[in-house]
Amino acid sequence: FPVTICVVLIIGATAIFLFVAFSFQRLLHVLERRRVVVRNVIAPEQQAEAHAGLILPVGLSSKGPEEDIIAWHQREGTLRHCWLLTSPEAVGGEKVGTLKQKLLEQNATPHIVTLDDAIQTDQVYTKVRQAIHDARGLRDAAPLIADITGGTKVMTAGTLLACLDEQVAVHYWSTPRDRKGGPLLSSDGRPMKVVVHRVPEDGGESG
């Protein structure tokens, strides 16, 4: 009889332990999924201010940050002109139409810059430089800045090179990240200034 009681107690204790352990593991899993590990906090001096002119590459993803970038520069009615750099696949799509409408609603003029080929760096470079020259011909498009977040990698490279040669400011839309490095809400992001230093041809340090 005592042996039977001991066996029942052991089995009961084991069952309770397994239940508690299983429940605890589930709780940890839920907390792990909801927890934000990296907030990508950007110091105020590293944030780009709102600009009157914006060159904005447009990606194909419907969840891109373009609307949030435009909203940032539209604060207090600052944004007056926006050059939407698009691929042939995106130019007639709903996303570009939505961005144009949002710009017009805030009294900002959209300029569509369509690439014949979004994977040719030299063409992106040429189109962005032309957009920069057009912006300089407009009184209310200064100061001018370009974003390098959306679009293809080639669009990013071509835009950055053009802005470097024309000495135009550049920013990147930085968003909070989860534990796995995936981006969270774009609306929580901030534009981070991108500073590029030229390396002199002789290999020395730039002044």
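Shown above is the structure to which this text applies.
Rules behind the numbers
- Residues numbered from 1 in each chain as written.
- Predicted model: local features only at pLDDT ≥ 70, side-chain atom pairs only at ≥ 80, totals over all residues.
- Heavy atoms only, no water.
- Helix = DSSP H or I, 4+ residues; strand = E, 2+ residues; numbered from the N terminus.
- Buried < 20%, exposed > 50% of the residue type's maximum accessible area, 1.4 Å probe, protein only.
- Contact = heavy atoms within 4.5 Å.
- Core = buried A, V, L, I, M, F, W, Y, C linked by side-chain atoms within 4.5 Å.
- Polar contact = N/O pair within 3.5 Å; in protein donor to acceptor, adjacent residues only side chain to side chain.
- Axes fitted to C-alpha atoms, helices over the stretch in contact; angles between N-to-C directions.
- Parallel < 35°, antiparallel > 145°, perpendicular 65-115°, else oblique.
- Left-handed = near helix turned anticlockwise from the far one by under 90°.
- Nonpolar A, V, L, I, M, F, W, Y, C, P; charged D, E, K, R; others polar.
- Salt bridge = Lys/Arg side-chain N within 4 Å of Asp/Glu carboxyl O.
- Expected span 1.5 Å × (residues − 1).

Got a minute to help me understand the overall build of the protein in this structure?
Tallying secondary structure elements over the protein gives six helices and six strands in all. Counting from the amino terminus, helix and strand elements in the protein follow one another as α-β-α-β-α-α-β-α-β-α-β-β. Residues counted as buried form 34% of the 207 residues belonging to the protein. Here the contacts in the protein between residues at least 6 apart in sequence split such that 71% fall between residues at least 24 apart.

Teacher, can you tell me more about the nonpolar core here?
In summary, soluble globular proteins display a tendency toward joint burial of nonpolar side chains. Formed by 21 residues in total, the largest nonpolar core has its most connected members in Ile55, Trp83 and Val128. For this core, the elements supplying multiple residues, two or more each, are strand E2 (81-86), helix H5 (121-136), strand E4 (144-147) and helix H6 (153-166). Apart from the residues lying within four places of it in its own chain, the contact partners of Ile55 are Trp83, Val128, Ala131, Ile132, Leu144, Ile145, Ala146 and Asp147. With 17 residues, the next largest nonpolar core counts Ala48, Leu56, Leu79 and Ala90 among its residues.

Sorry if this is basic, but what is going on with the environment of Trp72 here?
For Trp72, the location among the structural elements is in helix H2 (residues 66-73). In this structure the C-alpha to C-alpha distance between Trp72 and His51, which are 21 residues apart in sequence, comes to 9.0 Å. Excluding residues that lie within four positions of it along the chain, Trp72 makes contacts with Gln47, Ala48, Glu49, Ala50, Trp173, Arg190 and Pro191. Within polar-contact distance, the side chain of Trp72 engages the backbone oxygen of Ala48 at 3.0 Å.

Please explain unusual backbone geometry as it appears in this structure.
Across the chain, the bulk of peptide bonds are trans and the bulk of non-glycine residues have phi less than zero. The residue after Ala142, namely Pro143, is reached through a cis peptide bond having omega 0°. With respect to the helices, strands and loops of the structure, Pro143 is situated in the loop between H5 and E4. Of note, the phi angle at Glu76 is positive, near 60°, even though the residue is not glycine. Within the element layout of this structure, Glu76 appears in the loop between H2 and E2. Even without a glycine there, the phi angle at Asn107 is positive, about 60°.

Sorry, what's going on with the packing of H5 against H6 here?
A packed helix pair is summarised by two numbers, namely the angle formed by the two axes and the spacing between the axes. Across the interface, H5 lies against H6 with an axial gap of 8 Å and an inter-helix angle of 45°. By the angle between their directions, the pair H5 and H6 is classed as oblique. Here H5 and H6 pass one another in a crossing that is right-handed. Within the contact between the two elements, H5 uses Thr121, Val124, Tyr125, Val128, Arg129, Ile132, His133 and Arg136 and H6 uses Val154, Met155, Ala157, Gly158, Thr159, Leu161, Ala162, Cys163, Asp165 and Glu166. Grouping the constituent residues of the contact of H5 with H6 by class yields 10 nonpolar, four polar and four charged.

Is there a simple way to explain the pattern of salt bridges in this structure?
Any two side chains of opposite charge can pair, so long as their charged atoms come close to each other. The final tally for this structure, using the stated rule, is four salt bridges. Residues Arg136 and Glu166 are paired through a salt bridge, measuring 2.7 Å at the closest nitrogen-oxygen approach. Linking Arg136 in helix H5 with Glu166 in helix H6, this pair joins segments that are 30 residues apart in sequence. Each of Arg129, Arg136 and Glu166 takes part in salt bridges that share partners, so that together they form one network.

In this structure, what is going on with H5? I would like to understand it.
Side chains that are three or four residues apart share a direction in an α-helix, a result of its 3.6 residues per turn. End to end, H5 covers 23 Å across 16 residues, agreeing with the expected 22 Å (1.5 Å per residue, within 8%). Taken residue by residue, H5 has Gln123, Val124, Tyr125, Val128, Ala131, Ile132 and Ala135 as its buried positions. Among the structural elements, strand E1 (53-57), E2, E4 and H6 are those in contact with the buried residues of H5.

Please clarify how the packing of H2 against helix H4 (residues 94-105) should be interpreted in this entry.
Direction vectors running N to C along H2 and H4 enclose 15°, while the axes themselves pass 11 Å from each other. Here H2 is positioned roughly parallel relative to H4, judged by the angle of their axes. Seen along the crossing, H2 lies across H4 with a hand that is right-handed. Contacts between H2 and H4 involve Glu66, Glu67 and Ile70 from the first element and Lys95, Thr98, Leu99, Lys102 and Leu103 from the second. Among the residues forming the contact of H2 with H4, the class breakdown is three nonpolar, one polar and four charged.

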